[in-house]
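Chain by chain, the residues run as shown.
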Amino acid sequence: VNVEGEEAIKNIEEILSIQELDIIFIGLFDISKALGIPGEVHHTMVQERLIKLIKKINDAGKFPGTIATDLTSLAKYKELGVKYILYLVDCSVIKSAFEVPVKTFKELNS
């Protein structure tokens, strides 16, 4: 199940009481949007919520998950106790995949 906004955060204990749920995914981009700071997943307000949720989810015996947008946050989230980590968003992966060929093509045409 995804926790992506203030309502889900406020109701996390109720969500965690659902025995059938194993993984609680914390949607950092959606949380940042709900807080009025879209895309600022490293902002203090987003990170504070993440830390509190990770602890509650782990304490409930469930598996917290989230997304890491760089190698630093990947290591940090693992250290904080996140057990399911996605790395990068699809747009970043696609952009990265095309940067070198586009640069090379432009250099060939110079």
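Summarised in this report is the structure supplied together with it. Every chain begins its residue count from 1, and numbering advances along the sequence as written. Where local features are concerned, this predicted model is filtered to residues with pLDDT of at least 70; where side-chain atom pairs are given and counted, the filter is 80 or more; whole-chain, interface and lining totals use all residues. Side-chain calculation: all heavy atoms of the structure are included, whereas hydrogens and water are not.

This brings us to the sheet that holds strand S2 (residues 23-26). For two strands to count as paired, DSSP must find a minimum of two bridges between them. Helix and strand definitions follow DSSP, with helices as H or I runs of at least four residues and strands as E runs of at least two, each counted in order from the N terminus. Pairing in this open sheet of four strands is parallel, and the strands run S1-S2-S3-S4 from one edge to the other. The open sheet has two free edges, formed respectively by strand S1 (2-3) and strand S4 (84-87), since each of these has just one partner strand. Where S1 meets S2, two bridges bridge the pair, whose relative direction is parallel. What sits directly across from Val3, in S2, is Ile26.

Burial runs high along strand S3 (residues 63-68): five of the six residues are buried. Relative to S3, S2 is paired through three bridges, and the arrangement is parallel. Note that in S3 the partner of Phe25 across the bridge is Gly65. Pairing of S3 with S4 involves four bridges; the strand directions are parallel. Pairing of Gly65 across the sheet is with Tyr84, part of S4. For crossovers, right-handed means that the path from the first strand over the helix to the second runs clockwise, given strands pointing away from the viewer. With respect to chirality, the unit in which S3 leads through helix H5 (residues 71-80) into the neighbouring parallel S4 is right-handed. Categorising residues by exposure relies on relative accessible area from a 1.4 Å probe, with only protein chains included: less than 20% of the type maximum marks a residue as buried, more than 50% marks it as exposed, and the intermediate range marks it as partly exposed.

Nothing here speaks to function; it is geometry throughout.
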